[in-house]
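So the chains spell out like this:
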Amino acid sequence: MSSNALLAALLVASATATAQTPAPPSGSPAPAQENAAPSTPEGADSTEERIRQEVDKRVEAAKQEMREEIRAQLATQSLATDWQEEWVEEKRKLEIFTLDGYYRLRPNLYHQFSLGKPLESRLFPSPRPTEKTQSFADMRLRLEPTFNISEEVRVKLQVDALDNVILGSSPLSGADQDFYLFDIFNDGQVSPRSAINSLKDSVMVREAYGEVSTPVGLLRFGRMTAHWGLGVLRNDGNCLECDYGDVVDRVMFVTEPFDGFYVTPMFEFNDEGIYTYPNGEQSQPVDISSADDSHSWVLAVARRDTPQQVRAKLDNNQGVLNYGLHFSWRTQRYSPAVDTEGTVQPGLFVPRGATLYIPDVWLRYEERNFRVELELAAYLGQINGLARTAAEVSDASFNHTLDVLSFGGAAVGEYRLLNGQLNLQMELGFASGDRAPGFGAYPGTQGTGENGSTEPGDVEGPQFKCGTGGCRDNAIRNFRFNRAYRVDNILWRELVGTVTDAFYVKPTIRYTLTQGFDLFGSAIYSQSIYAESTPSFTDRMLGLETNVGARYETEDGFVARVDWSVLFPLAGLNEADVNSRVDLATAHAIRGTLGIRF
């Protein structure tokens, strides 16, 4: 029964009880004066009073019950409202579309990157023999949208717009030459278009893959970036100052059989060879042959904490030990044949018979005040057949087998002082090499020797030497760091291209002046493993580079950075011909970065 009905019933009972109270007999005497005795019987008044008290008690109890019921109803409504709001808030957490990324603008000034060497032997392009300084600015907009189909299914992309486009590099005068006779009249820019006014399009898609969360793990499939450990071998290049980065086509599945222990099998499509559009460019393309495909089977096993777990352990003065093994097995039976100019010849293949085994070990141990991290990787395998053109298949000088044996790695030690404000760091890096002339950072470059092999004084070229009489050097031993793994700003980053056939030592100091504002400095000493690999062919010491700078970052995503680097070149960078050697000039680089993260 509701409170209102109960109250009505009590009021009716009260009225009934009053009506049933005995009345005085007819004709009875009038009531006496103040001290006179009542004319009604004493028992009647007592009974009426008890009835009224009982009715009042019941009415008050009914009111109290009604108030409690109303409060209960209000509480229930409030609870329902809170639950509804919480449910709505929970539903709002799943945003259909999210967007991350950054925009950056980088002014650069290079001085004497020629090192004072003759024009024909310079390691860095310079248009005029007398020009010493080069200045320019470039930009990039990187967008990383995510489409959340549900809490378990999503599609992710990474898109670069105006990627490393030099400001002023796509003028209107270049696209509309009939209107602009002289460049001095140019008033604006147009979007870069590949093969028209630029080497790259204005928009490029780096990543596009699907991701599905299942009860037993995470499935990813499509084109995505790849990273492992320090980034010596696989590096995604996702830092604000990065230029390179690995993008792979793969299918992968990440499972966690034990807490913090991850097992990730992967299949990668490295090179599908020749393909065609059988019914026009809008039709589905078809891979012509599976014989020229290069695929990798990959397995990564790692013990790894999440960033939140790492912070929690460090805050509790606990050590954090993470480690893992990344192993790839890659094969290729044939390669598409090319002509003498490097153009692919449809329907023609050359035997390759190549197999590579690529192990990579990573370890990291960290406590509140220090960190030690290292990565060691290797390439092991064989290549049976060196021919690239169809004519070379029948040439005995290309019918040889190459052994692949290269290894390298890096180790970083870090110590933190003054509650983390002062950071001292030491980095050591090593990349194996051999006595073949040239660094081998770009082995596709043709040397001056037989079959494109290198000779003393060559800066780049293949790191093996085979001819009609056989192979004088049938091994590839030089290990190459990932180009996105940056060690310095001049020698390896710009002049050589990546660390190879060398070792380096890099101490670094960083001081946080105030929150978000850091000052830093480092020195990098680099030396070749073999003197024969350097331009000098006789000296191993390559250079000493210093780098100082400052970095400022705000909580809302604005980043500003400036670096001043100086390379003091050493004898290994001089000329192979003693009579042509010069006093090497000091190279300088000033780099700035203005960026916005979102």
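Procedures and definitions
Residues numbered from 1 in each chain as written. Predicted model: local features only at pLDDT ≥ 70, side-chain atom pairs only at ≥ 80, totals over all residues. Heavy atoms only, no water. Helix = DSSP H or I, 4+ residues; strand = E, 2+ residues; numbered from the N terminus. Buried < 20%, exposed > 50% of the residue type's maximum accessible area, 1.4 Å probe, protein only. Contact = heavy atoms within 4.5 Å. Areas by Shrake-Rupley, 256 points an atom, 1.4 Å probe, with all protein chains shown as cover. Polar contact = N/O pair within 3.5 Å; in protein donor to acceptor, adjacent residues only side chain to side chain. Core = buried A, V, L, I, M, F, W, Y, C linked by side-chain atoms within 4.5 Å. Pairing = 2+ DSSP bridges. Disulfide = S-S within 2.5 Å. Phe/Tyr/Trp six-rings, centres within 6.5 Å; stacked < 30°, edge-to-face > 60°. Salt bridge = Lys/Arg side-chain N within 4 Å of Asp/Glu carboxyl O.

**Details of the overall build of the protein chain**
Part 1: Counting its regular elements, the protein chain contains five helices and 23 strands.
Part 2: For the protein chain, the residues scored as buried account for 38% of the 598 residues in total.
Part 3: Looking at the protein chain alone, contacts between residues at least 24 apart form 61% of all its contacts between residues at least 6 apart.
Part 4: Accessible area of the protein chain: about 33400 Å², with a carbon and sulfur share of 57%.

**Remarks on the environment of I383**
Part 1: If you trace the backbone, I383 turns up in strand 13 (residues 370-384).
Part 2: Taking the C-alpha atoms as reference points, I383 and T355, separated by 28 residues in sequence, lie 6.6 Å from one another.
Part 3: With residues up to four places along the chain from it excluded, the contact list for I383 reads R352, G353, A354, H400, T401, L402, V404 and I476.

**Side note on the side chain of R250**
Part 1: Within the secondary structure, R250 is located in strand 6 (residues 247-258).
Part 2: Engagement of the side chain of R250 in a polar contact is seen with the side chain of E268, the distance being 2.6 Å.
Part 3: Every residue in contact with R250, bar those within four places of it in the chain, is listed here: R220, F221, G222, M224, T225, A226, R234, M266, F267, E268 and F269.

**Section: the nonpolar core**
Generally speaking, a soluble globular protein has its nonpolar side chains buried in company with each other.
Part 1: In terms of nonpolar packing, the biggest core is built from 36 residues, with F481, Y485 and L495 touching the most fellow members.
Part 2: At the level of secondary structure, the elements contributing two or more residues to this core comprise strand 12 (344-366), strand 14 (401-417), helix 5 (491-496), strand 19 (502-514) and strand 23 (587-597).
Part 3: Counting residues per element, this core draws most heavily on helix 5, which supplies four residues.
Part 4: Aside from chain neighbours lying at most four places away, what touches Y485 is L230, G231, V232, N235, A410, V412, E427 and Y504.
Part 5: With eleven residues, the next largest nonpolar core counts Y209, M224, W228 and M252 among its residues.

**Comments concerning the pairing of strand 22 (residues 558-569)**
Part 1: Relative to strand 22, strand 21 (residues 541-553) is paired through eleven bridges, and the arrangement is antiparallel. Looking across to strand 22, one finds that T546 is bridged to V566.
Part 2: Between strand 21 and strand 22, which pair antiparallel in sequence order, lie four residues; one of them, G557, sits at a positive phi of approximately 105°.
Part 3: Pairing analysis gives ten bridges linking strand 22 to strand 23, with the strands arranged antiparallel. Paired with V559 across the bridge in strand 23 is G595.

**With respect to the state of the cysteines**
Part 1: Tallying each qualifying case throughout the model produces two disulfides.
Part 2: Two residues, C239 and C242, share a disulfide whose sulfurs are 1.9 Å apart. Disulfide C239 to C242: torsion about the S-S bond roughly 105°, handedness right-handed.
Part 3: What pairs with C466 in a disulfide is C471, and their sulfur atoms sit 1.9 Å apart. Its S-S torsion of approximately 105° makes the covalent link between C466 and C471 right-handed.
Part 4: Judged by relative accessible area, C471 falls into the partly exposed class, the value being 28%.
Part 5: Sequential numbering of the bridged cysteines in the protein chain gives the disulfide pattern 1-2, 3-4.

**A short note on the packing of aromatic side chains**
Part 1: One pass over the structure, following the stated rule, counts 19 aromatic pairs.
Part 2: Measuring from ring centre to ring centre gives 4.4 Å for Y110 and F113, while their planes differ by 5°; the resulting arrangement is stacked.
Part 3: Note on F113: relative accessible area 2%, which makes it buried.
Part 4: Ring centres of F179 and Y180 lie 5.0 Å apart, and the angle between their planes is 80°; this geometry places the pair in the edge-to-face category.
Part 5: Residue Y180 is classed as buried on the basis of its relative accessible area of 12%.
Part 6: A connected cluster of aromatic rings, assembled from ring pairs, spans Y379, F479, F481, Y485 and Y504.

**A few points about unusual backbone geometry**
Part 1: Even without being a glycine, L162 presents a positive backbone phi close to 50°.
Part 2: For L162, the location among the structural elements is in strand 3 (residues 153-166).
Part 3: With relative accessibility at 29%, the residue L162 sits in the partly exposed group.
Part 4: The backbone of F537 sits at a positive phi, close to 70°, despite the residue not being glycine.
Part 5: Note that F537 resides in the loop between strand 20 (517-528) and strand 21.

**Let's talk about the pattern of salt bridges**
Part 1: This model, assessed by the stated rule, comprises 31 salt bridges.
Part 2: Residue R597 pairs with E553 through a salt bridge whose shortest N-O separation is 3.6 Å. Of this pair, R597 sits in strand 23 while E553 sits in strand 21, and the two are 44 residues apart along the sequence.
Part 3: Because the salt bridges share partners, they merge into one network encompassing R364, E366, R371, E373, E414 and R416.

**Description of the side chain of E268**
Part 1: In this structure, E268 sits in strand 7 (residues 261-271).
Part 2: Setting aside residues up to four positions removed in sequence, E268 forms contacts with R234, V248, D249, R250, H295, S296 and V298.

**Let's talk about the pairing of strand 12**
Part 1: Sheet topology note: the strand 11 (residues 320-338)/strand 12 ladder contains 17 bridges and is antiparallel. Looking at the pairing, S328 lines up with I358 of strand 12.
Part 2: Counting the residues between successive antiparallel strands, the hairpin from strand 11 to strand 12 contains five residues, one of them, G342, with a positive phi of roughly 90°.
Part 3: Across eleven bridges, strand 12 lies against strand 13 in antiparallel orientation. Among the inter-strand pairings, L363 is bridged to a residue of strand 13, identified as L374.
Part 4: Taken together, strand 12 and the strand that follows it, strand 13, pair antiparallel across an intervening segment of three residues.

**Notes on the environment of V203**
Part 1: Mapped onto the elements, V203 comes out in strand 4 (residues 203-214).
Part 2: Placed 43 residues apart in sequence, V203 and D160 show a C-alpha to C-alpha distance of 5.8 Å.
Part 3: Not counting the four nearest positions on each side in its chain, V203 is found in contact with V159, D160 and A161.

**Side note on the environment of E427**
Part 1: Counting through the fold element by element, E427 comes out in strand 15 (residues 422-431).
Part 2: The buried category is assigned to E427, whose relative accessible area is 5%.
Part 3: Beyond its immediate sequence surroundings of up to four residues, E427 is in contact with A410, A411, V412, Y485, Y504, V505 and K506.
Part 4: Engagement of the side chain of E427 in a polar contact is seen with the side chain of Y504, the distance being 2.6 Å.

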